[in-house]
Amino acid sequence: MGLEVLVYVPNIIGVDGYAARKLKQVSEFGAWFDVVIDILGRGILWSILFRWGYFIAALEWCVFVCTHNSLGADWKNKFGSSPWWVQRVMANGFKTPVGFFAIAGLHVLPIWLYGYTHGVLKDALCMPHHFQWLGILLLCAGRILCMSVEVWCIWNHIQLLTEKDDNVNKRVTS
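Residues numbered from 1 in each chain as written. Predicted model: local features only at pLDDT ≥ 70, side-chain atom pairs only at ≥ 80, totals over all residues. Heavy atoms only, no water.

J.: With reference to specific residues and values, describe the overall build of the protein.
T.: Within the protein, the secondary structure is distributed over eight helices and zero strands. Of the regular secondary structure in the protein, the N- to C-terminal order runs α-α-α-α-α-α-α-α. Counting every position in the protein, which comprises 174 residues, the buried fraction comes to 35%. Put simply, the protein shows about 10900 Å² of open surface, and 68% of that area lies on carbon and sulfur atoms. (Helix = DSSP H or I, 4+ residues; strand = E, 2+ residues; numbered from the N terminus. Buried < 20%, exposed > 50% of the residue type's maximum accessible area, 1.4 Å probe, protein only. Areas by Shrake-Rupley, 256 points an atom, 1.4 Å probe, with all protein chains shown as cover.)

J.: Just give me the short version of the environment of H107, but keep the residues and values in it.
T.: If you trace the backbone, H107 turns up in helix α6 (residues 97-117). On the basis of relative accessible area, H107 is assigned to the buried category, the value being 14%. Looking at H107, its side chain comes within polar contact range of the side chain of R42, at 3.0 Å. (Polar contact = N/O pair within 3.5 Å; in protein donor to acceptor, adjacent residues only side chain to side chain.)

J.: Lay out the packing of aromatic side chains with the relevant residues and their values.
T.: Enumeration according to the criterion identifies six aromatic pairs in this entry. Aromatic pair W61 and F64: ring centres 5.8 Å apart, planes at 90 degrees, arrangement edge-to-face. Note that W61 and F64 are positioned in helix α4 (residues 53-70) at a spacing of three residues, about one turn of the helix. On the basis of relative accessibility, which here comes to 8%, the residue F64 falls in the buried class. Among the aromatic residues, ring-to-ring pairing joins W46, F50 and W52 into one connected group. (Phe/Tyr/Trp six-rings, centres within 6.5 Å; stacked < 30°, edge-to-face > 60°.)

J.: Before we move on, could you go through helix α3 (residues 28-49) and cite the residues and values that matter?
T.: In a regular helix each residue adds 1.5 Å, so 22 residues correspond to 32 Å; α3 covers 32 Å between its end C-alpha atoms and thus fits that length. Among the residues of α3, those classed as buried are V35, V36, D38, I39, G41, R42, G43, L45, W46 and L49. (Expected span 1.5 Å × (residues − 1).)

J.: Which residues make up unusual backbone geometry, and what are the values?
T.: Of note in the backbone geometry, N92 takes a positive phi value of approximately 55 degrees without being a glycine. Note on N92: relative accessible area 57%, which makes it exposed. We note that C126 has phi near 50 degrees; this positive angle belongs to a residue other than glycine.

J.: Can you break down the nonpolar core residue by residue, with the values?
T.: Counting residues in each nonpolar core, the largest one holds 16 residues, and the members touching the most others are F79, V86, V89, M90, V149 and C153. Listed by contribution, the elements that provide at least two residues to this core are α4, α5 (84-94), α6 and α8 (129-173). Top contributing element to this core by residue count: α8, with five residues. Among the nonpolar cores identified, the runner-up in size contains 13 residues, and A104, L109, L113 and L121 belong to it. (Core = buried A, V, L, I, M, F, W, Y, C linked by side-chain atoms within 4.5 Å.)

J.: Can you explain the confidence of the model for the protein? Please cite residues and give values.
T.: Should the pLDDT be low somewhere, the predicted coordinates at that spot are not to be read in detail. Per-chain confidence: the protein averages 83 in pLDDT, with 81% of residues scoring 70 or above. Across the protein, the element-wise mean pLDDT spans from 56 in helix α1 (residues 3-12) up to 93 in α6. (pLDDT = per-residue confidence, 0-100.)

J.: Describe the pattern of salt bridges, and please don't skip the residues or the numbers.
T.: Here the structure, examined in full by the defined rule, presents four salt bridges. Here E60 makes a salt bridge to R143, at a shortest N to O gap of 3.2 Å. Of the two residues, E60 is situated in helix α4 and R143 in helix α8; the sequence distance between them amounts to 83 residues. Each member of the pair, E60 together with R143, is buried. (Salt bridge = Lys/Arg side-chain N within 4 Å of Asp/Glu carboxyl O.)

Right, dumping it as structure tokens:
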């Protein structure tokens, strides 16, 4: 397995957050940095897997900027006025079946695809071909759900910015 996967895997299984909580080293910066490392790791994997992998990384970076800029450190809990499907994904900090499904697509899909394309699922894990494809289909569905929430977050942020611009322009022209 490549170094990029070995660096990313401990982060997605929560070793970093668990260690921070046990060592009482939890901070707002740590929570922010955890997301940065997640996005960086996934971006590297997506870029290794596909020529267009940078697009997914760019989408994630845009969402990061939108959520952390306008919603702050507690961004996961500020979706009360969002559409029902966004609320279902975001509910309880993703700790619902729908949230888990979306986050599995977000975090596990690039690793699964890496394992599939590099023969890890077949050779090292002896996984039958139909299970490999079932995993790909389920994780892709979760990633699509997650992507729909990401696109909504970007759109919502754009609306917020344009409303601010409209209010500023109204004050300037009055």
